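Summary of the model geometry
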Amino acid sequence: MEHDRTPDEYEQARLAKLEQLRQMGVDPYGGKFSGAEALQAIADKYDPNHEDQIVCGAGRIILLRDIGKLIFITLRDRTGTLQAGLSKKMLGDAWAVARLLDLGDHIGVEGMLGRTKTGEITIWANTLTLLCKATLPPPEKWHGLQDVELRYRRRYVDLFSNPQVLATFQDRVAIIQTIREFLQDRGFLEVETPMMHPIAGGAAARPFITHHNTLDIDLYLRIAPELYLKRLLVGGLERVFEINRNFRNEGISTQHNPEFTMCELYQAYGDYHDMMDLTEELICLLVSRRSEDMKLDFNGRSIDYTPPWPRKTYAELFAEHVGCEMSDSAAVRQKARSLEIGEANMDDTVVVNEIFEHTVEDKLINPTFVIDYPAALCPLTRRRKDNPNVAERFELFISSMEIGNAYTELNDPAVQEENFRLQLRGQEETMATMDEDFIQALKYGMPPAGGLGIGIDRLVMLLTDSPSIRDVILFPQMRPTE
RNA sequence: GGGGGUGUAGCUCAGUCGGUAGAGCAACGGCCUUUUAAGCCGUGGGUCGAGGGUUCGAGUCCCUCCGCCCUCACCA
């Protein structure tokens, strides 16, 4: 539909100008433009005592004021904005080009760096080079692009018309860079493991299925890199991490996108307490770069990241917020019924977890480590030595969102194999495949280790006060338009 | 999948009780050599998301469908 659209009056007008430019011998799509300095750098070197500096800049026209024989243009590049003054007298033949400029075009100008009567730093152009004629108009200059659907579908327009959106994605880049540096400083090696898995493992989620023609096998887009990163532990990469996409074929919401970015890391000879220390240190570092007092607003609420963060056991939080012990099966069942949880066909552990998710998680606003999960929920986790029903696992909650998930990794191949068997029982065929190779890897010996996963998108949401995951993913998944 | 909201000009938005479809920006034409979201004069621009229904008459009321947003459910 988009392709068949007949040009509207706006596009027609610009196409007509484009044709005029071609007839004048001007390439409306320009080419390499050498010598342009960053606009901010140009503005910075303005010197009222030397208004004879010749400078060269390029950018997109975001505002245009036509005063007759003089046109003022606000140019923007990656560094900022700067005014260009185009006068009929100074441009000569190129004045004809100037008169055909529109909002959204890219141009390059060269000329003297000066000021206007009102003090605005301005490049008084001697030459004007058209670098790209835009044949569709930008959104309204006051409000930018507001329509949420269009913002996601045409993120390129969102980015150039809403400066705050660009700033958020620049923040995202900086955050991820800081995470990389933090981990590299601690001796973690960044690796890339397969995105296409013959067996979808490392998490319980419905995978996307694809097919390799030559091998004639189905493959799954990975739901987690965990099992491959642990193979690397076996291989001797004692500190390893990966920041990359996971794919889960599940619901879409303000906290879920089918593809999302996860940072997973593994540290040999560590445990989940080390992972808590590391998580707290990392996130506090990120927060400290954006906040003087370790507080950041999210969704209209102030979140206090001041360490140390509480580390409370699952059982403790359950008793505190639910009002009964999780071991009290009768009370737990009664509570479940009062929450309208269909508990009849569920194991006690599952019922407890349902109640936990309904009752406890939305109370966890400031960063909180929930530790020591029921072992039955954690097939990849080592059990506590003093209590085999409890797994050495934590989840980090901030603003009721699960931000991190970590364990002391299970490295006993026999226990791992048994856990897989229990997990596979009763599951759908597509998800029920034993990863024999992973068990084999464990048999060669995986050092005891702490492992951690941090949901990067959700973390960026918190750090940039973005209420939806779509606001921190450049191209969120949308239903295609027909 | 359930519930709620929303869809009007390129963009941002009004549109009352059912009675000729509106504004700003943008566009087009004109004036203007120091503007600052430039200003002034003039002109054009609509499948009111799609389809059906009620009505003398529907942007408005009803039904179906579609997109998007929120929310619940689902979701180690």
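Preceding this section is the structure that the text describes.
Below: a short report on this structure. Computed from a prediction, not measured in an experiment: that's the story for all the values here.

Scanning chain A from N- to C-terminus turns up 15 helices and 19 strands. The globule rule puts the C-alpha radius of gyration for 482 residues at 23 Å, and the 29 Å found for chain A is more than 25% above it. With respect to the three principal axes, the spread of C-alpha positions in chain A is 90 × 55 × 50 Å. Relative to its 482 residues, chain A shows a buried fraction of 46%. Sequence separation of 24 or more characterises 64% of the internal contacts of chain A that already satisfy a separation of 6 or more. Counting every atom, chain A has about 24,500 Å² of accessible surface; 49% of that belongs to carbon and sulfur. When the 53 basic and 75 acidic side-chain charges of chain A are each reduced to a single mean position, those positions are 6 Å apart.

Attention shifts here to helix H11 (residues 329-338). In an α-helix, one turn spans 3.6 residues; hence positions three or four apart end up facing the same way. Turning to H11, its buried residues are Ala331, Val332, Arg333 and Ala336. Buried-residue contacts for H11 involve helix H10 (314-322) and helix H12 (348-359). Directly beyond the C-terminal end of H11, a positive phi value near 60° is found at Glu340.

Moving on to the packing of helix H8 (residues 226-234) against helix H14 (residues 436-445). Each pair of packed helices can be described by the angle between their axes along with the distance between the axes. For the pair H8 and H14, the least separation of the axes is 9 Å and the interaxial angle reads 25°. In terms of orientation, H8 and H14 fall into the roughly parallel class. Between H8 and H14 lies a crossing of left-handed hand. Residue-level inspection shows Leu227, Lys230, Arg231 and Val234 of H8 in contact with H14, the latter providing Asp437, Phe438, Ala441, Tyr444 and Gly445. Looking at the contact of H8 with H14 residue by residue, the classes come out as five nonpolar, one polar and three charged.

Within the closed barrel, the five strands sit side by side as S1-S2-S3-S5-S4. Their pairing is mixed. Pairs of neighbouring strands in the sheet enclose a mean axial angle of 55°, with direction left out of account. With 10 bridges joining them, strand S4 (residues 106-115) and strand S5 (residues 121-132) adopt antiparallel strand pairing. Residue pairing for S5: Glu110 is matched across the bridge by Thr127.

Further remarks concern the protein's contact with RNA strand B. Around RNA strand B sit 46 residues, and of these Arg65, Gln83, Thr118, Glu149 and Gln423 come closest. The share of sugar and phosphate among atoms of RNA strand B within 4 Å of the protein is 53%. The separation between a phosphate oxygen of RNA strand B and a polar side-chain atom of Arg470 is 3.0 Å. Of all the secondary structure elements, the ones that give two or more residues to the surface near RNA strand B are helix H1 (9-23), strand S1 (54-66), strand S2 (70-77) and helix H5 (148-153). If you tally residues by element for the surface near RNA strand B, the top one is H5, at five residues. Partitioning the surface near RNA strand B into residue classes produces 16 nonpolar, 12 polar and 18 charged.

Moving on: a nonpolar patch on the surface. A surface patch of nonpolar side chains, about 340 Å² in accessible area, is lined by Tyr156, Leu474 and Phe475. Following the sequence through the fold, Leu474 ends up in the segment after helix H15 (456-464).

To continue, consider the packing of aromatic side chains. Under the counting rule described, the total for this entry stands at six aromatic pairs. Relative to Phe394, the ring of Phe369 lies with its centre 5.0 Å away and its plane at 80°, an arrangement referred to as edge-to-face. A residue pair is termed long-range when its members are at least 10 positions apart, and Phe369 in strand S15 (residues 368-374) and Phe394 in strand S17 (residues 387-398) qualify at 25 residues. The pair Phe369 / Phe394 is uniform in exposure class, with both members buried. Taking the ring centre of Phe160 as reference, the NZ or CZ of Arg60 above it sits at 3.9 Å. Residue placement shows Arg231 over the ring face of Tyr228; its charged tip is 4.6 Å from the ring centre.

Attention shifts here to the sheet that holds strand S9 (residues 217-221). Overall, antiparallel pairing links the three strands, which are arranged S7-S9-S8 in an open sheet. The open sheet has two free edges, formed respectively by strand S7 (196-197) and strand S8 (209-212), since each of these has just one partner strand. By the bridge criterion, two bridges tie S7 to S9 in an arrangement that is antiparallel. Counterpart to His197 in the pairing with S9 is Tyr220.

Rules used throughout
- Residues numbered from 1 in each chain as written.
- Chains lettered and ligands numbered in written order.
- Predicted model: local features only at pLDDT ≥ 70, side-chain atom pairs only at ≥ 80, totals over all residues.
- Heavy atoms only, no water.
- Helix = DSSP H or I, 4+ residues; strand = E, 2+ residues; numbered from the N terminus.
- Rg over C-alpha atoms; globule rule 2.2 N^0.38 Å.
- Buried < 20%, exposed > 50% of the residue type's maximum accessible area, 1.4 Å probe, protein only.
- Contact = heavy atoms within 4.5 Å.
- Areas by Shrake-Rupley, 256 points an atom, 1.4 Å probe, with all protein chains shown as cover.
- Lys, Arg positive; Asp, Glu negative; His and termini not counted.
- Charge placed at Lys NZ, Arg CZ, Asp CG, Glu CD.
- Axes fitted to C-alpha atoms, helices over the stretch in contact; angles between N-to-C directions.
- Parallel < 35°, antiparallel > 145°, perpendicular 65-115°, else oblique.
- Left-handed = near helix turned anticlockwise from the far one by under 90°.
- Nonpolar A, V, L, I, M, F, W, Y, C, P; charged D, E, K, R; others polar.
- Pairing = 2+ DSSP bridges.
- Near = heavy atom within 4 Å.
- Polar contact = N/O pair within 3.5 Å; in protein donor to acceptor, adjacent residues only side chain to side chain.
- Patch = residues over 30% accessible without salt bridge, like charges linked within 9 Å, V, L, I, M, F, W, Y side chains within 5 Å.
- Salt bridge = Lys/Arg side-chain N within 4 Å of Asp/Glu carboxyl O.
- Phe/Tyr/Trp six-rings, centres within 6.5 Å; stacked < 30°, edge-to-face > 60°.
- Lys NZ or Arg CZ within 6 Å of the ring centre and 35° of its normal.

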